[in-house]
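# Analysis of the macromolecular model
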Amino acid sequence: MKNTHSWFRPAAAATSALALGLSLAACSGGGSEASSNRPENEVHVLVYGDAGNTVEQAMVDSFNETSDVKVVLDTIPGAEYQQKLQTIIDTDSAPDVFFNWGGGSITDFVDAGLLMPLNDFMEEDPQLKDGFLPTVLEAATVDGEVYGIPMRGTQPVMLFSNKDVLASAGITEPPATWDELLADVEQLKAAGVTPIALGGADEWPTQMWFSYVYDRVAGPELFETALNGDPSVWESQESREALGMLRELVDTGAFGNNYQSVKFTDGGSASLLSSGQAGFELMGSWAYSTHRDAAPEFAANSLGFSEFPAVEGGKGDPENVVGNTNNYYSVLADTRYPDTVRDFLKLMYSDEFVQEQVAIGNLPTTTNTEQFLDQATNPEYARFQYDLVQSAPNFQLSWDQEYTPSATPTIHGAVADFFSGRIDEDGFIAAMQGL
C-alpha cells in the first residue's frame, strides 16, 4: 500500500449464541421477515472487548440521550472476537453494526451479501466521507463501495519500553538500528530482565516482528507481491534473510523462555513491561491505553515509545510503519433501523469523538484530529504517533488483516511455529506459500 498522501494508504469453530454471553440473541437479520426477530427500538453494536470500550460506551450514551431507537453496546473479549464474529455473522444473533479491521476481514462478508454499502449514507451526509482523511476509507472499500466507517484511531505498531529498566541496564536511547537492538538485548539479559515482552500465546503479537523485519529487509513489495497471487517471493533471498534475523533474535533469548504461555489479551505481556520484568514490547498503539488503564503511574512516568529499528542495507524505508490503518464499523445489510445506524455513525467524525479518543491515547483519522492533540492525556505521545504515521511512506496493514480470515490460522500458526523452532525457514516458507 503506497502512501501518496500526507498521512497513509492504508474457519471458525461452532459456538452457540448463548455461549457468547451477549445480549444479541434477539438480534437477527432485517428485512420483512427477519426484522421481526429483532427487538423494537434497539440497534446492537458489537465491538472487540478491550480498554477502548470506554469511548465506544461514551458515544453510545451520548447518542441515546436524543434517540428514540437506542443503541446497545455488546462486547466479545479480544482473543475470541474474530472466531465468534465468524460464527454469528450470518445467524439470527448477528449484530446490526460490528467492529472490524477492513481489508480481508470483511471481503468474505461482502461477497456473501451480508453487508450494507455505505455510499448512500455518504451522499446523504458528505461528512461521512469528507470528515475522514483522504485515504482512510480505502481499507474498507470493496469494488468501489465503502463498507466501513472509521471508529477508533490509527494503530501503528511501535516499540514500547520501560524507561526505568533501560536506564538501570545502561541503555540511554531506544535502538535506532537492528544491531543496536541486539546489543540492547544483551545488556538487558546481563541486567537479569527479559529483554522483550511477547504475548506469544496470542500468536498475532509474534506476527508483528515478521511484518516489520520483512518490511525493513525487503520493502513492502515482497508482501504485496505475495498478496497479489505470487507466492514464490516467500523463498526469495530477502525472505530468507528476514527469517535468519528473526531466528537470531529468538536464539539470543530476547523473549525469554515462557513467552508462548503469555498473552497480551489478558494483560500478561503488558504487565511484564510495566512491572519492570521486561525492557521492550513491540505492540500496536493501543498499548498506551492498555497501560493507562492497568498501570496509570507507569503510563504517565515510565512508558517509552519509539519507531521500529532500521535495518542497515535493507530495501525498506526506515520510516515505513505496519499495523492497522484503523478499525471500522460495518453495517448488516438487513438492519432494521438503517436511519438510526446512519445517525450513530455520524458521531465518528464529531469533535466529541476525537476528544474522547485522544484522551485515552488513540489517534482518530478524522480531518479535525490535529487541533485536539494538545488536549490528549499525553500530548507528547499523541504528537509522536501523529508524526510517525504522517511521515510514513508506506503503512502496511497487518498481514492477518490483509488476507481473508480463512488465512489467519495458517499465518498465526506459521509465525508461532517458527519462533518456537517447530518449523525451520523452509517450513515457514511452505506455510506462507499455501495461503
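Structure shown above.
Rules used in this analysis
Residues numbered from 1 in each chain as written. Predicted model: local features only at pLDDT ≥ 70, side-chain atom pairs only at ≥ 80, totals over all residues. Heavy atoms only, no water. Buried < 20%, exposed > 50% of the residue type's maximum accessible area, 1.4 Å probe, protein only. Helix = DSSP H or I, 4+ residues; strand = E, 2+ residues; numbered from the N terminus. Pairing = 2+ DSSP bridges. Axes fitted to C-alpha atoms, helices over the stretch in contact; angles between N-to-C directions. Parallel < 35°, antiparallel > 145°, perpendicular 65-115°, else oblique. Left-handed = near helix turned anticlockwise from the far one by under 90°. Contact = heavy atoms within 4.5 Å. Nonpolar A, V, L, I, M, F, W, Y, C, P; charged D, E, K, R; others polar. 1 Å grid on protein atoms, 1.4 Å probe; cavity = no way out; pocket = protein on both sides within 12 Å on 5 of 7 lines; lining within 4 Å. Points joined across faces, edges and corners; volume = space filled by probe spheres on them. Salt bridge = Lys/Arg side-chain N within 4 Å of Asp/Glu carboxyl O. Phe/Tyr/Trp six-rings, centres within 6.5 Å; stacked < 30°, edge-to-face > 60°. Lys NZ or Arg CZ within 6 Å of the ring centre and 35° of its normal.

### Brief notes about the pairing of strand S10 (residues 303-306)
The alternating pattern of S10 places Leu-303 and Phe-305 and Gly-304 and Ser-306 on opposite faces, both of which are buried. Note that strand S7 (residues 155-162) and S10 share 4 bridges and pair antiparallel. Opposite Phe-160, over in S10, you have Phe-305 as the bridge partner.

### Observations regarding the packing of helix H2 (residues 53-64) against helix H15 (residues 338-345)
Two elements in contact, H2 and H15, have axes whose closest approach is 10 Å; the angle formed by their N-to-C orientations is 120°. Taken together, the axis directions place H2 and H15 in an arrangement best described as oblique. Helix-helix and strand crossings are classified by hand; for H2 and H15 the assignment is right-handed. Taking contact as the criterion, the partners of Met-59, Val-60 and Phe-63 in H2 are, on H15, Thr-340, Asp-343 and Phe-344. Considered class by class, the residues forming the contact of H2 with H15 number 4 nonpolar, 1 polar and 1 charged.

### Here we look at empty space enclosed by the protein
Here the largest cavity is characterised by a volume of approximately 70 Å³. Lining of the largest cavity is provided by Ser-211, Tyr-214, Asp-215, Gly-219, Pro-220, Leu-222, Phe-223, Gln-396 and Trp-399. Those elements giving two or more residues to the lining of the largest cavity turn out to be helix H9 (204-218) and helix H10 (221-227). Top contributing element to the lining of the largest cavity by residue count: H9, with 3 residues. Looking at the lining of the largest cavity residue by residue, the class counts come to 5 nonpolar, 3 polar and 1 charged.

### Description of the pattern of salt bridges
Within the structure shown, the criterion is met by 16 salt bridges. Notably, a salt bridge pairs Arg-152 with Asp-50, separated by 2.8 Å at the nearest N-O pair. Residue Arg-152 is located in the loop between strand S6 (149-150) and S7, and its partner Asp-50 is located in the loop between strand S1 (42-49) and H2; the two are separated by 102 residues in the primary sequence. Residue class for Arg-152 comes out buried when judged on its relative accessible area of 6%. The closest approach of N and O atoms between Arg-216 and Asp-215, which form a salt bridge, is 3.3 Å. In this structure Asp-215 comes out as buried when scored by relative accessible area, which is 4%.

### Observations regarding the sheet that holds strand S2 (residues 70-77)
Spatially, the 5 strands line up as an open sheet ordered S2-S1-S3-S12-S6, and their pairing is mixed. Edge positions in the sheet fall to S2 and S6, since each of these pairs with one other strand and no more. Here S6 pairs with strand S12 (residues 328-331) via 2 bridges, running antiparallel. Note on S12: the bridge partner recorded for Ile-149 is Tyr-329.

### Concerning the packing of aromatic side chains
Evaluation of the coordinates by the stated rule reveals 35 aromatic pairs. Pairing Tyr-48 with Trp-101 gives two aromatic rings, centres 5.9 Å apart and planes at 90°, and the pair type is edge-to-face. Here Tyr-48, found in strand S1, pairs with Trp-101, found in the loop between strand S3 (97-100) and helix H4 (104-111); they are 53 residues apart in sequence, far enough to count as distant. Each member of the pair, Tyr-48 as well as Trp-101, carries the same accessibility label: buried. On the basis of an interplanar angle of 75° and a centroid distance of 6.5 Å, the ring pair of Phe-223 and Trp-234 is categorised as edge-to-face. Pair noted here: Phe-223 is in helix H10 and Trp-234 is in the loop between H10 and helix H11 (237-251), with a separation of 11 residues, a long-range link. Given the relative accessible area of 6%, Phe-223 is considered buried. Arg-247 extends its terminal NZ or CZ atom over the ring of Phe-418, reaching a point 4.3 Å from the ring centre.

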